[in-house]
Amino acid sequence: MKEKKYAIIGKPLSHSLSPLMHSYWYKKYNIKAKYEAIEIEKNEIENVIEKIRKKEIEGINITLPYKQIIIQHLDKIINDAKVTHSVNTVYLDNEGVLIGENTDVYGVQAAYLNKINLQKKYDSALILGAGGVAPSIIHALIKSNLRKISITNRTYEKSIFLKKKFPIIKIIKWEDFHKTILDFGLIINATSLGMKNSDQFDDLFENINEKATYIDTIYNPLETQMIKHLKQKNIKTFNGLDMLIYQGQKSFYVWNKINPEVNDELVNLLKDKIK
Ligand code: NAP
């Protein structure tokens, strides 16, 4: 049987964990397939799309900065991709229609929201950031029936843009969010603050509610400065690794109709790569 080909496209991609994760699952389920990272410029997207149409590539994941721009190359976007206008998984269906799907929303739900008894414990969430991943987080919170969602972003206009898509959200100015942080039971960092060599922002969290839960979408480093700081205050924290794993799990399902197992072996494999 011919080896199937899958890939992740984006730029930069040198640190992507997706090839390791999907290759682990293909091996585990005895599927003859190769999953690679293809770092491309914007003007090369159409070449990759053509390869999917010709079935030279079975499916792709899309990451920064192409999750929105990919849409113009597709025939149809479905489900969560339609709401978020953000596509991270592409495949050709049985009728030859090129489909874009979003599995980040599922990633957020499965990694965090389904685990923290959202309705009982939290009635309000604050999202830091209004970039590419923010629509998926907002939509995951709405799907999980949380209704009080606030957003704060360094560039105010991007928050306005998100509010047009999700009128339910309340905007808080970046300069002001530290004053209201006590009001939030759930705080999600969807900025790149906390990644290696980025600025720190611990001081903005001085008044955090001691019962709050903090989710960082960052997985490199696994323990950001902010997570370290909040752990010292006994705040419950999550890092971004599970979100990455669960969006990958759903992409794998979309392509193979197998729900691959998330086990310690896989988690440790990925953690070792991050170290
Ligand atoms: P993006 O579109 O480039 O957005 C970056 C966000 O970070 C923007 O809101 C930006 O604010 C903010 N930001 C950057 N530098 C800042 C600074 N010095 N001060 C304040 N805000 C700053 O990126 P993205 O795709 O949304 O990704 C955002 C984060 O989510 C990243 O850390 C990424 O690792 C993480 N992520 C994780 C997963 C996962 O599976 N775990 C998946 C996707 C993304 P401005 O609008 O003002 O520039």
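These notes cover the structure that comes with them. In this text, all values refer to a predicted model and were calculated from it rather than measured experimentally.

Moving on to the pattern of salt bridges. For the structure on display, the rule yields 11 salt bridges. Between K11 and E41 there is a salt bridge, and its shortest N-O distance comes to 2.6 Å. Taken together, the residues K11 in the loop between β1 (4-10) and α1 (18-28) and E41 in the loop between β2 (33-39) and α2 (45-53) connect sequence positions 30 residues apart. For the salt bridge of D272 with K275, the shortest nitrogen-to-oxygen distance reads 3.4 Å. The exposure class of K275 is exposed, given its relative accessible area of 79%.

Turning next to the pairing of strand β8 (residues 148-153). Burial analysis of β8 places 5 of its 6 residues in the buried class, the great majority of the element. The handedness of the strand β7 (residues 124-128) to β8 crossover, carried by helix α6 (residues 134-143), is right-handed. Viewed along the sheet, the connection from β8 through helix α7 (residues 156-165) into strand β9 (residues 170-173) turns out right-handed.

As a further point, take the sheet that holds strand β5 (residues 89-92). What the 6 strands build is an open sheet, ordered β2-β1-β3-β5-β6-β4; its pairing is mixed. The open sheet terminates on both sides in strands that have one partner only, identified here as β2 and β4 (76-77). Across 7 bridges, β1 lies against β2 in parallel orientation. Bridge pairing in β2 places I9 opposite I38. Across the sheet, α1 lies against β1, β2 and β3 (59-62), angled at about 170° from β2, the strand it touches most.

Considered as a void within the structure, the largest pocket measures approximately 1500 Å³ in volume. Lining the largest pocket we find 46 residues, and of these T63, L64, T191, S192 and M195 sit closest to its centre. Taken together, 14 residues form the lining of the second largest pocket, with E58, Y91, L92, D93 and N94 sitting closest to its centre. The set of elements that each furnish at least two residues to the lining of the second largest pocket consists of β1, β5 and α10 (241-256). Each residue belonging to the lining of the second largest pocket can be placed in one class, and the counts come to 7 nonpolar, 2 polar and 5 charged.

Mapping T191 onto the fold places it in the loop between β10 (186-189) and β11 (213-216). With relative accessibility at 15%, the residue T191 sits in the buried group. In terms of polar contacts, T191 uses its side chain to reach the side chain of N189, at 2.7 Å. Among the polar contacts listed, one links the side chain of T191 to the backbone nitrogen of L193, at a separation of 3.0 Å. If we skip the residues at most four places from it in the chain, T191 touches L128, G129, W174 and I218.

This part takes up the environment of L269. In this structure, L269 sits in helix α11 (residues 264-274). According to the relative accessible area criterion, L269 is partly exposed, its value standing at 33%. Distance in space between the C-alpha atoms of L269 and I9 is 22 Å, their sequence separation being 260 residues. Excluding anything up to four places from it in sequence, L269 contacts L20 and Y24.

If you check the shell around the ligand, you find 23 residues, and the closest are G132, V133, N153, T155 and K158. Between the ligand and G240 there is a distance of 3.0 Å, counted from a nitrogen atom to a backbone nitrogen or oxygen. For the ligand, whose free accessible area comes to 920 Å², the fraction covered by protein is 80%. If you map the ligand onto the pockets, it falls in the largest pocket. Grouping the constituent residues of the shell around the ligand by class yields 11 nonpolar, 9 polar and 3 charged.

The packing of two helices is summarised by the inter-axis angle and the distance between the axes. Axis separation between α1 and α11 bottoms out at 10 Å; the angle between their running directions is 150°. Relative to α11, the element α1 is oriented roughly antiparallel. Relative to α11, α1 is oriented so that their crossing is right-handed. For the pair formed by α1 and α11, the contact residues are L20, M21, Y24 and W25 on the first element and E265, L266, L269, L270 and K273 on the second. Partitioned by chemical class, the residues of the contact of α1 with α11 number 7 nonpolar, no polar and 2 charged.

Definitions and limits used
- Residues numbered from 1 in each chain as written.
- Predicted model: local features only at pLDDT ≥ 70, side-chain atom pairs only at ≥ 80, totals over all residues.
- Heavy atoms only, no water.
- Salt bridge = Lys/Arg side-chain N within 4 Å of Asp/Glu carboxyl O.
- Helix = DSSP H or I, 4+ residues; strand = E, 2+ residues; numbered from the N terminus.
- Buried < 20%, exposed > 50% of the residue type's maximum accessible area, 1.4 Å probe, protein only.
- Right-handed = clockwise from strand over helix to strand, strands pointing away.
- Pairing = 2+ DSSP bridges.
- Contact = heavy atoms within 4.5 Å.
- Axes fitted to C-alpha atoms, helices over the stretch in contact; angles between N-to-C directions.
- 1 Å grid on protein atoms, 1.4 Å probe; cavity = no way out; pocket = protein on both sides within 12 Å on 5 of 7 lines; lining within 4 Å.
- Points joined across faces, edges and corners; volume = space filled by probe spheres on them.
- Nonpolar A, V, L, I, M, F, W, Y, C, P; charged D, E, K, R; others polar.
- Polar contact = N/O pair within 3.5 Å; in protein donor to acceptor, adjacent residues only side chain to side chain.
- Near = heavy atom within 4 Å.
- Areas by Shrake-Rupley, 256 points an atom, 1.4 Å probe, with all protein chains shown as cover.
- Sits in = over half its atoms within 2 Å of the grid points.
- Parallel < 35°, antiparallel > 145°, perpendicular 65-115°, else oblique.
- Left-handed = near helix turned anticlockwise from the far one by under 90°.

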